[in-house]
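# Geometric and topological summary
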Amino acid sequence: MSASIDIDVALGERRYPIRIGAGLLDDGAWRATLRGRHALVVTDDRVAPLYLARVRDALGTLAHDAVVLPAGESAKTLDNAARVLDALARLGASRDAAVVALGGGVVGDLAGFAAATWMRGIDFVQLPTTLLAMVDSSVGGKTGVNLAAGKNLVGAFHQPRAVFIDTATLATLPQREYAAGLAEVVKYGAIGDAAFFAWLEANADALNARDEDALAEAIAFSCRCKAGVVARDEREEGERALLNFGHTFGHALEAEQGYGALLHGEAVAIGMVLAASLSSRLGRAPAEDTERLLHLLSRFGLPVEPPRAEPDALLARMRLDKKNVSGRLRLILWRGIGNAEIVPDVDDAAVRGVLAAP
Ligand code: NAD
Ligand code: GLY
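Reading the values: the criteria
Residues numbered from 1 in each chain as written. Chains lettered and ligands numbered in written order. Predicted model: local features only at pLDDT ≥ 70, side-chain atom pairs only at ≥ 80, totals over all residues. Heavy atoms only, no water. Domains from an automatic or database assignment. Salt bridge = Lys/Arg side-chain N within 4 Å of Asp/Glu carboxyl O. Polar contact = N/O pair within 3.5 Å; in protein donor to acceptor, adjacent residues only side chain to side chain. Helix = DSSP H or I, 4+ residues; strand = E, 2+ residues; numbered from the N terminus. Nonpolar A, V, L, I, M, F, W, Y, C, P; charged D, E, K, R; others polar. Near = heavy atom within 4 Å. Areas by Shrake-Rupley, 256 points an atom, 1.4 Å probe, with all protein chains shown as cover. Buried < 20%, exposed > 50% of the residue type's maximum accessible area, 1.4 Å probe, protein only. Pairing = 2+ DSSP bridges. Axes fitted to C-alpha atoms, helices over the stretch in contact; angles between N-to-C directions. Parallel < 35°, antiparallel > 145°, perpendicular 65-115°, else oblique. Left-handed = near helix turned anticlockwise from the far one by under 90°. Contact = heavy atoms within 4.5 Å. Core = buried A, V, L, I, M, F, W, Y, C linked by side-chain atoms within 4.5 Å. Patch = residues over 30% accessible without salt bridge, like charges linked within 9 Å, V, L, I, M, F, W, Y side chains within 5 Å. Lys, Arg positive; Asp, Glu negative; His and termini not counted. Charge placed at Lys NZ, Arg CZ, Asp CG, Glu CD. 1 Å grid on protein atoms, 1.4 Å probe; cavity = no way out; pocket = protein on both sides within 12 Å on 5 of 7 lines; lining within 4 Å. Points joined across faces, edges and corners; volume = space filled by probe spheres on them.

The subject of this paragraph is the domain arrangement of the chain. Split by domain assignment, the chain resolves into domain 1 (5-172) and domain 2 (175-356). In this structure, domain 1 and domain 2 have C-alpha centres spaced 25 Å apart. One can count 5 salt bridges joining domain 1 with domain 2. Linking lysine 187 and aspartate 136 is a salt bridge whose minimum nitrogen-to-oxygen distance equals 3.0 Å. Taken together, domain 1 and domain 2 are joined by 10 residue pairs in polar contact (both at pLDDT 80 or more). Breaking the side of domain 1 that touches domain 2 down by element, the ones donating at least two residues are strand 1 (5-11), strand 2 (14-21), helix 5 (131-137), strand 7 (142-147) and strand 8 (150-157). Take the side of domain 1 that touches domain 2: its biggest share by element is 6 residues, from strand 1. Counted by class, the side of domain 1 that touches domain 2 contains 20 nonpolar, 7 polar and 6 charged residues.

On to the site of ligand 2. Lining the immediate environment of ligand 2, one finds Asp136, Lys142, Lys226, Glu236, Arg240 and Leu243. Within the side chain of aspartate 136, an N or O atom sits 3.2 Å from a nitrogen atom of ligand 2. Arginine 240 is positioned such that a nitrogen or oxygen atom in its side chain is 2.7 Å from an oxygen atom of ligand 2. For ligand 2, whose accessible area on its own is 200 Å², the fraction buried by protein is 90%. Residues that form the shell around ligand 2 fall into these classes: 1 nonpolar, no polar and 5 charged.

You will see that methionine 119, though not glycine, has its phi angle at about 50°, which is positive. Mapped onto the fold, methionine 119 is located in the loop between helix 4 (105-117) and strand 6 (123-128). Of note in the backbone geometry, arginine 120 takes a positive phi value of approximately 65° without being a glycine. Within the secondary structure, arginine 120 is located in the loop between helix 4 and strand 6.

Attention now moves to the pattern of salt bridges. Tallied over the full model, the rule gives 25 salt bridges. Here lysine 226 ties to aspartate 136 by a salt bridge, and the two come within 2.6 Å at their closest N and O atoms. A residue pair is termed long-range when its members are at least 10 positions apart, and lysine 226 in helix 9 (residues 212-232) and aspartate 136 in helix 5 qualify at 90 residues. Both residues of the pair, lysine 226 and aspartate 136, count as buried. Between aspartate 205 and arginine 299 there is a salt bridge, with the nearest N and O atoms lying 3.3 Å from each other. Remark: arginine 299 occurs in helix 12 (residues 287-299) and aspartate 205 occurs in helix 8 (residues 204-208); sequence separation between them is 94 residues. One network of salt bridges, with partners in common, ties together Asp136, Glu184, Lys187 and Lys226.

Below, the discussion takes up the sheet that holds strand 2. With mixed pairing, the 7 strands of this open sheet are ordered in space as 1-2-9-6-5-3-4. For this open sheet the edge positions go to strand 1 and strand 4 (63-69), each flanked by a neighbour on one side alone. Strand-to-strand, the axes of this sheet are offset by a mean angle of 15°, without reference to chain direction. Pairing analysis gives 7 bridges linking strand 3 (residues 38-44) to strand 4, with the strands arranged parallel.

A few words now on the packing of helix 7 (residues 194-202) against helix 12. Where helix 7 contacts helix 12, the axes come no closer than 10 Å and their chain directions differ by 45°. By the criterion of interaxial angle, the relationship of helix 7 to helix 12 is oblique. Along this stretch, helix 7 crosses helix 12, giving a crossing that reads as left-handed. Contacts from Phe197, Ala198, Leu200 and Glu201 of helix 7 reach helix 12 at Arg292, Leu293, Leu296 and Arg299. Per-class residue counts for the contact of helix 7 with helix 12 are 5 nonpolar, no polar and 3 charged.

With that out of the way, let us pick up the nonpolar core. Among the nonpolar cores identified, the biggest contains 78 residues, and Ile219, Phe249 and Val351 are the most heavily contacted of them. Here this core gets 10 residues from one element, more than from any other, and that element is helix 11 (residues 264-281). When residues are assigned to domains, this core turns out to be shared by domain 1 (5-172) and domain 2 (175-356), each giving three or more. For phenylalanine 249, the contacting residues outside a window of four places in its chain are Gly271, Leu274, Ala275, Leu278, Met318, Leu331, Val351, Val354 and Leu355. Residues Leu88, Leu91, Ala114 and Phe124 belong to the second largest nonpolar core, which totals 23 residues.

This paragraph deals with a negative patch on the surface. A surface patch of negative charge is lined by Asp211, Glu212, Asp213 and Glu217. Looking at the secondary structure, you find glutamate 217 in helix 9.

With that settled, consider empty space enclosed by the protein. Applying the stated criterion across every chain yields a total of 1 cavity of 30 Å³ or more. Estimated volume of the largest cavity: approximately 40 Å³. Every residue lining the largest cavity is listed: Asn244, Phe245, Gly246, Thr248, Phe249, Ala275, Lys323, Leu331, Ile332 and Leu333. Counting residues per element, the ones that place at least two in the lining of the largest cavity are helix 10 (247-257) and strand 10 (331-334).

Spelled out as structure tokens, the structure:
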């Protein structure tokens, strides 16, 4: 990719930039968005050896420190958020300090949550290094941590000050993590854009080969889509819930398997197939569309069948989903490719049926 791409997230009076390009970690532009005298970098122990020195170099003489968390979903805990808050205290961070999230969605969600709560909210900048974080989690201000009882049950809406996506960092991303990010890219086509879904089908080989142009197009499309949804519904009072297509099933699978066994993107891939399959069983969508979804996800090397799990245990976890109202399941289903919908009061037996025999 040659030139960088700029996208604005506009939230009424507030706005922040997303910049996409190769080499942005070393660029002074993200550093220029920091306002105060302190910065705390939060990263993990796989990303730190690869990219932390460059981020520290870019910070130059600004007073800063770094917290390096263990890599992976199991690190997304309240204890680790407390570690970040303690580090802010040691740094003497005042309200003009910033947290810099360098890594995937785990680091971004946790660092953002710490930034949301330190002195009731300070700036944070997202420097995403996984495809999943680039196309989804770094944008939109959902921050938080997991509890044993469920994913992302503790959190806050807190928008980043800026998102700088250095696409060159994808060169070191393991294949399994890369594919997990593609699941969230597929989601944007599945929920709202049949033409983009068809583009993904036509460009699956290029994306599997990490072709720069195809990747730039996929990342930019995803960020534009997410920025648009967040601009229209920042607090998930309506449309934003559509971004959770496959997630109620996926979150239940992640928690039930033990965090980290299934990658988040893998759980979402399986969850989208379950949601599509349930939609056609309920007579809401054509079964051929489930087949197309399943085929595309499989071409990206993603799992499409749930691991063995007790349907009632999964259903119990799905009941803790934040979208539910008065204890009734409220799911994101679809009418077919490009046309997701919020369905209140989904029948337990139908859900149990799809979980028992997808
Ligand atoms: P992750 O943060 O665990 O990163 C995946 C792995 O890749 C980690 O081991 C990490 O160390 C490694 N890694 C990261 N960048 C690398 C690079 N460039 N080179 C080599 N290794 C690298 O996982 P993820 O898939 O990025 O994020 C998943 C999390 O995001 C979940 O907790 C999910 O709930 C959350 N999420 C949040 C939102 C949101 O809107 N806030 C949206 C989607 C997902
Ligand atoms: N990933 C879902 C959302 O940001 O709303």
